[in-house]
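# Geometric and topological summary
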Protein chains: 2
Amino acid sequence: MGNIKKNHTIPKATAKRIPLYFRYLKTLDQSGVKRIKSKEFSKMIQIPSATIRRDFSHFGELGRSGYGYDVPYLIQVFSNILNTEIEKRIALIGVGNLGKALINNNFRNNTNLNIVVAFDANPELIGQTINGVQIEDIEKVGEIIKKEAISTVIMTVPSGKAQEVIDSVVEAGVTAILNFAPRRLRVPHNVQVQYIDLTTELQTLIYYDENYNHPELETI
Amino acid sequence: MGNIKKNHTIPKATAKRIPLYFRYLKTLDQSGVKRIKSKEFSKMIQIPSATIRRDFSHFGELGRSGYGYDVPYLIQVFSNILNTEIEKRIALIGVGNLGKALINNNFRNNTNLNIVVAFDANPELIGQTINGVQIEDIEKVGEIIKKEAISTVIMTVPSGKAQEVIDSVVEAGVTAILNFAPRRLRVPHNVQVQYIDLTTELQTLIYYDENYNHPELETI
């Protein structure tokens, strides 16, 4: 919780791009690239170079003309912002196919993001361990999350059951929820929910593909 | 490809919300709700009612004051836009944990979205069938996609191998790609790529949770 105050000056749109910037800068650094121009970086990550320059200006890094940006410096700044040195302990709720996939992957390229416990209602799963993660009874979700002081959960349970579970985990202190069910959850104002709805993503993609993306069909 | 011209007048931001609107309207309709006011709908889907009214006005549905919107009419309009009556045949590339989860689920609540074939390089998987979907050799991906006239693929292969696969499927006629690897793909201008990067989503969520979302911490 170290550097909270300063971040309040970063626009939300910029904040959303930080994880992407951070990831690409780390790749560059690992490849030995220590300086990058906004135009080159723009091509790499497909964000307009003017946006990149504006975003980076919020971090006191203006990028000298003809020189570009200092990669290790930006990595340090973004690392502080994302608190990537601090472990985030995550609970996963719902050990179906998607839940199992997430446990098996467990953000392996990001050592600070860790699913440390999982929950399900299926008696055949409870007590089992997948990729080192113990599966606990969903009935104990509030109790265990409170004891472990976990504030982030990933939800991969069907929409119909999600709200009931959410109410208990919010009461137990959870403030950040990544939810794979499409139905909107009711949460207090201090709780952040991010929805990942694969069906909607796919429908949107197909819709764009069929309607916007074929130059020969454009009539305007 | 019936109703393409008219859709060009819908703003992109509106278009992005159509799948969500459609899904909720269907739920309402199934529950017997035939009329809905923008304020009620706003509470349900957590989009401002002014945005909903502006969006719906693009579809010639202005919502009479005190009456609300006609649910079956909007469903019909959105159904036409999303072409939900037409089957979208999808290829899944990469049958790891996430790929298996997607095949097993196979958008079961959306009868028009169908994964019809999957590809992998693992000899132990090739020839197998999961949830009725045959797993083919990744070496044959271009050939089979061309033969089957598939234009949409879901990619769940590691970043390092993605570009090579993409080049072959694009050559075979694919124009819409849902990609679960974070690294940006090089594609021609007529190809649409949607990235789903779970690590970035989670980092963004945690960042917001720690920096923006606790009223007691706000200093401004």
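Predicted, not measured: the structure shown is a model, and the values here were computed from it.

What counts as what
Residues numbered from 1 in each chain as written. Chains lettered and ligands numbered in written order. Predicted model: local features only at pLDDT ≥ 70, side-chain atom pairs only at ≥ 80, totals over all residues. Heavy atoms only, no water. Helix = DSSP H or I, 4+ residues; strand = E, 2+ residues; numbered from the N terminus. Buried < 20%, exposed > 50% of the residue type's maximum accessible area, 1.4 Å probe, protein only. Contact = heavy atoms within 4.5 Å. Areas by Shrake-Rupley, 256 points an atom, 1.4 Å probe, with all protein chains shown as cover. UniProt positions renumbered as here; feature names shortened; annotations may be inferred. Axes fitted to C-alpha atoms, helices over the stretch in contact; angles between N-to-C directions. Parallel < 35°, antiparallel > 145°, perpendicular 65-115°, else oblique. Left-handed = near helix turned anticlockwise from the far one by under 90°. Nonpolar A, V, L, I, M, F, W, Y, C, P; charged D, E, K, R; others polar. Patch = residues over 30% accessible without salt bridge, like charges linked within 9 Å, V, L, I, M, F, W, Y side chains within 5 Å. Salt bridge = Lys/Arg side-chain N within 4 Å of Asp/Glu carboxyl O. Lys, Arg positive; Asp, Glu negative; His and termini not counted. Charge placed at Lys NZ, Arg CZ, Asp CG, Glu CD. Pairing = 2+ DSSP bridges. Right-handed = clockwise from strand over helix to strand, strands pointing away. Polar contact = N/O pair within 3.5 Å; in protein donor to acceptor, adjacent residues only side chain to side chain. Least-squares fit on C-alpha atoms with pLDDT ≥ 70 in both. Core = buried A, V, L, I, M, F, W, Y, C linked by side-chain atoms within 4.5 Å.

### Here we look at the overall build of chain A
When helices and strands are counted, chain A shows nine helices and nine strands. Taken across its 220 residues, chain A has 54% of its residues classed as buried. In chain A, the proportion of contacts linking residues at least 24 apart, taken out of those at least 6 apart, comes to 53%. Split by element, the accessible area of chain A, about 10700 Å² in all, is 49% carbon and sulfur.

### Looking at the UniProt feature "binding site: NAD(+)" (unreviewed entry) in chain A
The UniProt feature table records "binding site: NAD(+)" (unreviewed entry) at Gly94, Val95, Gly96, Asn97, Leu98 and Gly99 of chain A. Following the sequence through the fold, Val95 of chain A ends up in the loop between β3 (88-93) and α6 (97-105). Accessibility expressed as a relative area gives 2% for Val95 of chain A, which makes it buried. Not counting residues up to four positions away in its chain, the partners in contact with Val95 of chain A are Lys100, Ile103, Ala118, Phe119, Asp120, Leu125, Ile130 and Ile135 of chain A. You can see Leu98 of chain A is positioned in helix α6. Setting aside chain neighbours within four positions, we find Leu98 of chain A in contact with Thr156 and Phe180 of chain A together with Leu98 and Ala101 of chain B.

### Structural notes on the packing of helix α2 (residues 12-30) of chain B against helix α5 (residues 71-82) of chain B
Residues and elements named next belong to chain B. Between α2 and α5, whose axes approach to 9 Å, the crossing angle comes to 140 degrees. Viewed along their axes, α2 and α5 adopt a mutual orientation that is oblique. Once α2 is placed against α5, the crossing between them reads as left-handed. Facing Ile18, Pro19, Tyr21, Phe22, Leu25, Lys26, Leu28 and Asp29 of α2, the residues of α5 in contact are Val71, Pro72, Leu74, Ile75, Phe78, Ser79, Ile81 and Leu82. A class-by-class count of the residues in the contact of α2 with α5 yields 13 nonpolar, one polar and two charged.

### Considering a negative patch on the surface
A cluster of acidic side chains, namely Glu139, Glu164, Asp167 and Glu171 of chain A, defines a negative patch on the protein surface. The topology assignment puts Glu171 of chain A in helix α8 (residues 159-171).

### What to know about the pairing of strand β4 (residues 113-120) of chain A
Residue and element names in this part refer to chain A. Counted residue by residue, β4 has six buried out of eight residues, so it is predominantly covered. Across six bridges, the pairing between β3 and β4 is parallel. In the strand pairing of β4, Lys88 is matched with Leu113. In terms of handedness, the path from β3 via α6 over to β4 forms a crossover that is right-handed. In the sheet, β4 pairs with strand β6 (residues 133-137) via three bridges, with the strands oriented parallel. Bridging across to β6, Ala118 finds its partner in Ile135.

### As for the interface of chain B and chain A
Counting residues at the interface gives 74 residues for chain B and 75 residues for chain A. Across the contact surface, chain B and chain A share two salt bridges. Here Asp197 of chain B ties to Arg23 of chain A by a salt bridge, and the two come within 3.4 Å at their closest N and O atoms. Here chain B is connected to chain A by eight residue pairs in polar contact (both at pLDDT 80 or more). Among the elements that take part in the side of chain B that touches chain A, helix α9 (residues 198-211) of chain B stands out by supplying 14 residues, more than any other. Broken down by class, the residue content of the side of chain B that touches chain A amounts to 39 nonpolar, 23 polar and twelve charged.

### Structural notes on unusual backbone geometry
Residue and element names in this part refer to chain A. Phi is positive for Asn106, close to 45 degrees, though the residue is something other than glycine. Its location among the elements puts Asn106 in the loop between α6 and β4. Taking the relative accessible area as the measure of exposure, Asn106 reaches 11% and is therefore buried.

### Quick notes on the pattern of salt bridges
One pass over the full model with this rule turns up eight salt bridges over all chains. The salt bridge partner of Glu148 of chain A is Arg89 of chain A, with a shortest N-O separation of 2.7 Å. In this pair, Glu148 of chain A is assigned in helix α7 (residues 141-148) and Arg89 of chain A in strand β3, connecting sequence segments 59 residues apart. Arg89 of chain A sits in the partly exposed class, given a relative accessible area of 31%. Where Asp55 of chain B meets Arg17 of chain B, a salt bridge forms, and the shortest distance between an N and an O atom there is 2.6 Å. Placement of Asp55 of chain B in helix α4 (residues 49-57) and of Arg17 of chain B in helix α2 is noted, with a sequence separation of 38 residues between them. Overall, the relative accessible area of 1% leaves Asp55 of chain B in the buried class.

### Focus on the pairing of β6 of chain A
Residues and elements named next belong to chain A. Note that strand β5 (residues 129-130) and β6 share two bridges and pair antiparallel. The residue of β6 that forms the bridge with Thr129 is Gln134. Between β5 and β6, which follow one another and run antiparallel, lie two residues, and Asn131 among them has a positive phi close to 50 degrees.

### Description of the relation of the copies chain B and chain A
The transform that puts chain B on chain A rotates by 180 degrees and translates by 0.0 Å along the axis, for an RMSD of 0.0 Å. Both copies are brought into coincidence by an operation consistent with a two-fold rotation axis. A shared binding surface is used by both copies, with 100% of the interface residues of chain B retained as interface residues in chain A.

### Regarding the nonpolar core
Residues Ile154 and Leu202 of chain A together with Ile154 and Leu202 of chain B are the most contacted members of the largest nonpolar core, which totals 48 residues. Excluding residues that lie within four positions of it along the chain, Leu202 of chain A makes contacts with Ile90, Phe107, Leu113, Thr152, Ile154 and Leu178 of chain B.

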